[in-house]
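# An overview of the molecular structure
Spelled out, the chains give:
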Amino acid sequence: MDDTPDLARLFNSLDRSAWLELALVVGAAFLLIRAEQRLLPWLANRLHGRARHYLLASVPLLRLLILLVAILLAVPIVIEPSLRNMVALLGAAGLAIGFALKDYASSLIAGVVAAFEQPYRPGDWVELDGHYGEVVHVGMRTVALVTPDDDYVTVPHLKLWDSAVRNGNNGSPVLQCSALFHVHPEHDARRAREILEDVALTSPYLNFDEPVVVVTKEEDWGTVYRIRAYPVDPRQQFRFVSDLTVRGREALARIGARPRLPRLPTLP
Amino acid sequence: MSTDTHPRTHAPPADAPAQPATASPRACSPWKIVPIADYALPTDSQPALLRRRWRSFARLLRGDGEDSTQAHAEAELRALPRVRLENLVPPLDWAPAAAALDEALDGGYDEAHDEAPAGARAAHGPGVHVLVCPPACEHASVLAHWAKAHDARTIDPPDAKRILDEDVRWLDELVDAADGRPWVLPRLERCFLRHASGLALLRGVLELAFSGRLGPGLIGCDSWAFAYVQRIWPLPEATLLTLQAFDGEALAAHFVRPHLDGAARRVDFRIASSGKPLLRGPEGEQADARAADTGDAHSPELRQLAAHVRGNPGLAWHYWRRRLRSAPEPRGETGASAGKDDPGRTRRQLATGEDVVWIADNVEAPALPAESGEDDALLFHALLLHAGLPASLLARLLPLPMARIRSKLLRLEALGLIEAAPPAGAQAEPCWQVAALAYPTVREFLRSRSYLTDAF
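About the criteria used
Residues numbered from 1 in each chain as written. Chains lettered and ligands numbered in written order. Predicted model: local features only at pLDDT ≥ 70, side-chain atom pairs only at ≥ 80, totals over all residues. Heavy atoms only, no water. Contact = heavy atoms within 4.5 Å. Buried area = accessible area lost by both parts, 1.4 Å probe. Salt bridge = Lys/Arg side-chain N within 4 Å of Asp/Glu carboxyl O. Axes fitted to C-alpha atoms, helices over the stretch in contact; angles between N-to-C directions. Helix = DSSP H or I, 4+ residues; strand = E, 2+ residues; numbered from the N terminus. Parallel < 35°, antiparallel > 145°, perpendicular 65-115°, else oblique. Left-handed = near helix turned anticlockwise from the far one by under 90°. Nonpolar A, V, L, I, M, F, W, Y, C, P; charged D, E, K, R; others polar. Phe/Tyr/Trp six-rings, centres within 6.5 Å; stacked < 30°, edge-to-face > 60°. Buried < 20%, exposed > 50% of the residue type's maximum accessible area, 1.4 Å probe, protein only. Pairing = 2+ DSSP bridges. Patch = residues over 30% accessible without salt bridge, like charges linked within 9 Å, V, L, I, M, F, W, Y side chains within 5 Å. Areas by Shrake-Rupley, 256 points an atom, 1.4 Å probe, with all protein chains shown as cover.

### Concerning the interface of chain B and chain A
- Counting from both sides, the interface comprises 20 residues of chain B and, opposite them, 20 residues of chain A.
- Each partner contributes to the roughly 1800 Å² buried at the junction of chain B and chain A, and carbon and sulfur atoms together form 50% of this total.
- Looking only at chain B, the three residues that lose the most surface to chain A are Arg194(B), Ala196(B) and Glu374(B), adding up to 31% of its buried area.
- At the junction of chain B with chain A, the criterion picks out 4 salt bridges.

### A closer look at the packing of helix 9 (residues 169–177) of chain B against helix 10 (residues 200–211) of chain B
All names here are of chain B.
- Between helix 9 and helix 10, whose axes approach to 9 Å, the crossing angle comes to 20°. Between helix 9 and helix 10, the angle is such that the two are roughly parallel. Along this stretch, helix 9 crosses helix 10, giving a crossing that reads as right-handed. Residues Trp-170, Leu-171, Leu-174 and Val-175 of helix 9 form the contact with helix 10, whose own contacting residues are Leu-201, Gly-204, Val-205 and Leu-208.
- A class-by-class count of the residues in the contact of helix 9 with helix 10 yields 7 nonpolar, 1 polar and no charged.

### Things to note about the packing of aromatic side chains
- All told, the structure shown has 12 aromatic pairs over all chains when counted by the stated rule.
- Each ring, one from Trp125(A) and one from Phe238(A), has its centre 6.1 Å from the other, and the planes form 70°; the classification is edge-to-face. Remark: Phe238(A) occurs in helix 7 (residues 237–254) and Trp125(A) occurs in strand 1 (residues 125–128); sequence separation between them is 113 residues.
- A centroid spacing of 5.0 Å and a plane angle of 70° characterise the contact between Trp31(B) and Phe246(B), whose relative ring orientation is edge-to-face. Of this pair, Trp31(B) sits in the loop between helix 1 (20–23) and strand 1 (33–35) while Phe246(B) sits in the loop between strand 7 (240–243) and helix 12 (248–256), and the two are 215 residues apart along the sequence.
- Overall, Trp31(B) belongs to the buried group, its relative accessible area being 1%.
- Grouping aromatic residues by their ring pairs yields a cluster made of Trp125(A), Tyr132(A) and Phe238(A).

### Observations concerning the sheet that holds strand 10 (residues 356–359) of chain B
All names here are of chain B.
- Spatially, 2-9-10-8 is the arrangement adopted by the 4 strands of the open sheet, whose pairing is mixed. Because the sheet does not close on itself, it has two edges, and the strands there are strand 2 (78–79) and strand 8 (268–271).
- Here strand 2 pairs with strand 9 (residues 324–326) via 2 bridges, running antiparallel. In the sheet register, Arg-78 faces strand 9, and the bridge partner there is Ser-326.

### A short note on the environment of Leu378(B)
- By secondary structure assignment, the location of Leu378(B) is in helix 17 (residues 374–385).
- Between the C-alpha atom of Leu378(B) and that of Pro399(B), which follows or precedes it by 21 residues, the distance is 9.0 Å.
- Excluding residues within four positions of it along the chain, Leu378(B) makes contact with Pro204(A), Tyr205(A), Leu398(B), Pro399(B) and Tyr451(B).

### Considerations on a nonpolar patch on the surface
All names here are of chain A.
- A cluster of nonpolar side chains, namely Leu-39, Trp-42, Leu-43 and Leu-47, defines an oily patch on the protein surface of about 380 Å² accessible area.
- Along the chain, the position of Leu-39 falls in helix 2 (residues 16–44).
- Judged by its relative accessible area of 53%, Leu-39 falls in the exposed class.

### Focus on the side chain of His139(B)
- With respect to the element layout, His139(B) can be found in helix 7 (residues 139–150).
- Not counting residues within four places of it along the chain, the set of residues in contact with His139(B) comprises Leu131(B), Cys133(B), Pro186(B), Glu189(B), Gly220(B), Cys221(B) and Asp222(B).

### Concerning the sheet that holds strand 6 (residues 217–222) of chain B
All names here are of chain B.
- The strand order across the open sheet formed by 6 strands is 1-7-3-6-5-4, and the pairing between neighbours is mixed. Unpaired on one side and paired on the other, strand 1 and strand 4 (153–154) mark the two borders of the sheet.
- Judged from the 3 bridges that link them, strand 1 and strand 7 form a sheet pairing that is antiparallel. Looking at strand 7, one finds that Pro-35 is bridged to Leu-241.
- Helix 4 (residues 95–105) contacts strand 1, strand 3 (128–133), strand 6 and strand 7 of the sheet and is inclined by roughly 40° relative to strand 1.

### A closer look at the pattern of salt bridges
Residues and elements named next belong to chain B.
- Enumeration according to the criterion identifies 26 salt bridges over all chains in this entry.
- In this structure, Glu-86 and Arg-321 form a salt bridge, with 3.1 Å as the shortest nitrogen-oxygen distance. A residue pair is termed long-range when its members are at least 10 positions apart, and Glu-86 in helix 3 (residues 82–88) and Arg-321 in helix 15 (residues 313–323) qualify at 235 residues.
- Put simply, Arg-162 and Asp-167 hold a salt bridge, and the shortest N to O gap is 2.9 Å.
- One continuous salt-bridge network, built from bridges that share partners, spans Arg-162, Asp-167, Arg-169 and Glu-173.

What follows is the structure, given as structure tokens:
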């Protein structure tokens with residue numbers, strides 16, 4: 001029965017000054033994290049373009065940095081940081097986490113991975129676990145999205161391990177949008193492509209630094225045109241697509257290209 | 001409407017001081033037309049900026065100021081009366097810019113106009129050049145002067161209906177009207193609309209011009225429209241010219257020195273906050289006066305103004321007019337007897353022949369409200385890309401309802417950010433444009449939001 005005294009010897013005896021030091025480290029880390037989580041998004045939302053994205057993306061990284069520094073400062077206060085002590089402590093913690101808090105710990109670890117690998121950052125437009133929206137917060141355990149319907153969706157980082165993450169802009173302020181047009185086959189396809197390109201070039205939302213492409217695909221019921229272009233700001237994506245759609249339809253009508261809905265597959 | 005309209009093109013009044021560009025040799029003229037690649041923005045030098053800030057900080061600490069007895073609080077100063085302002089800052093005369101354009105082209109048009117061998121003409125291309133100028137620098141006026149001097153044919157832009165109807169007969173008319181003389185298309189920005197049907201005539205006219213079917217000619221284009229046109233129909237770089245930016249020295253040569261060198265009535269321009277002369281020599285006030293006369297003086301204020309307006313002389317003209325002030329009437333001098341011939345001058349100034357004009361430190365430029373958002377950005381951008389638009393066309397080009405556009409226009413006008421130019425020609429409604437004093441703010445607003453901006 002020597003285990004109990006050995007485990008107790010792991011910890012330093014905490015006198016009043018040690019407790020105070022510990023409280024200061026934890027308190028400072030807590031305050032710093034709260035401050036950066038509020039201040040940086042507040043500031044970023046007053047900026048536009050690249051500055052906004054880079055500032056938002058720095059929030060989880062900065063928080064991880066603060067946490068690491070806090071742990072590095074706090075651990076030597078609580079235990080004697082020898083190899084033997086660390087192995088004993090981590091073994092005990094691993095057992096507890098493995099049995100009781102597996103998913104929670106998995107999400108926390110995925111959160112650390114997410115901070116480094118950055119499959120999503122605040123400001124990115126992602127599809128995660130079937131939800132599409134703008135990442136507004138990357139926490140320790142979860143990531144929060146705001147969908148186009150203004151719903152706030154929280155997804156645990158755990159999903160990173162076994163599901164795909166579709167990221168529309170991947171940390172940059174450029175996001176491709178596409179507007180679809182279904183057209184009756186009897187029309188001048190060359191003219192239709194030209195005019196759809198002009199529709200994109202004359203949209204007030206267009207980002208001129210990125211290319212405009214009109215893709216055509218022939219189906220058995222008609223022709224599909226897809227304008228691929230980029231708005232000035234990813235947050236304009238739905239207004240941009242609406243603008244392209246409305247003006248694209250007008251333009252196609254002017255050249256006599258009638259719309260045609262895709263034919264549904266017939267049931268056997 | 002503001003009393004400060006855009007600088008107009010006309011001959012200076014008889015009593016106005018001679019413009020330095022016409023009075024001095026061409027080499028000394030601040031008006032220079034350069035290839036677009038040689039355009040250089042004026043900068044306010046960093047060490048000078050730091051030194052100036054340190055000096056004002058030190059003065060603040062000391063609690064005194066050199067020449068403080070002569071300095072005037074800006075609130076006490078009065079705006080100059082209109083007549084006096086017109087005398088001191090007459091409307092910009094764009095004829096020297098046209099002369100500089102001629103020099104830049106080196107008489108190529110007269111030669112091209114002569115019976116040059118077809119092979120030689122082909123080797124030099126179709127002889128078409130594009131003059132690109134930022135807002136408030138009136139490229140159309142420059143080209144009008146040039147056209148007059150060269151008996152060139154002026155091509156009027158199509159109206160909005162023809163543009164939107166893609167009426168290509170306009171292009172045929174241009175070809176039919178070609179008579180061998182050089183031609184001038186002064187406002188390319190009026191040849192297109194940012195609409196799916198609004199680009200055909202632009203592409204058509206550029207194709208005609210650069211294929212040589214119209215013969216040698218000149219195209220004028222606003223810098224914002226040019227930024228857009230480059231994405232639609234990239235123009236050959238060798239043909240692009242622009243008005244070189246004015247630095248502080250050029251602004252001094254244009255706005256200040258005509259009132260010093262040999263002027264019938266010498267004007268003493270002084271900084272309101274410090275009481276110092278505007279143009280300063282290396283030492284002392286006497287040295288300042290001598291240096292100002294000999295052209296050796298410098299002015300940090302004018303250099304700063306040049307940097308603020310990005311070297312745009314048209315904008316500088318607006319700012320300069322707003323900064324000029326006269327001293328308040330000393331007690332006992334008010335009355336009908338003071339300054340009968342010149343309402344801005346006090347009796348004491350008239351008696352001594354002394355004429356002091358104070359330069360206010362800052363011009364209160366219109367500010368954007370904090371809630372300015374995407375709709376404002378779209379509106380400003382459309383106005384700048386087309387160098388002004390009527391409300392009905394804005395409604396066709398923007399994805400905003402007419403009622404919202406009208407309410408926004410009136411609100412922005414009330415804030416001084418845009419202004420309505422009176423209807424011209426067959427136009428039935430006013431043309432809205434970004435106000436000159438608001439232009440730097442609006443440009444920065446659009447740039448910070450990653451909208452397509454000009455390079456000037």
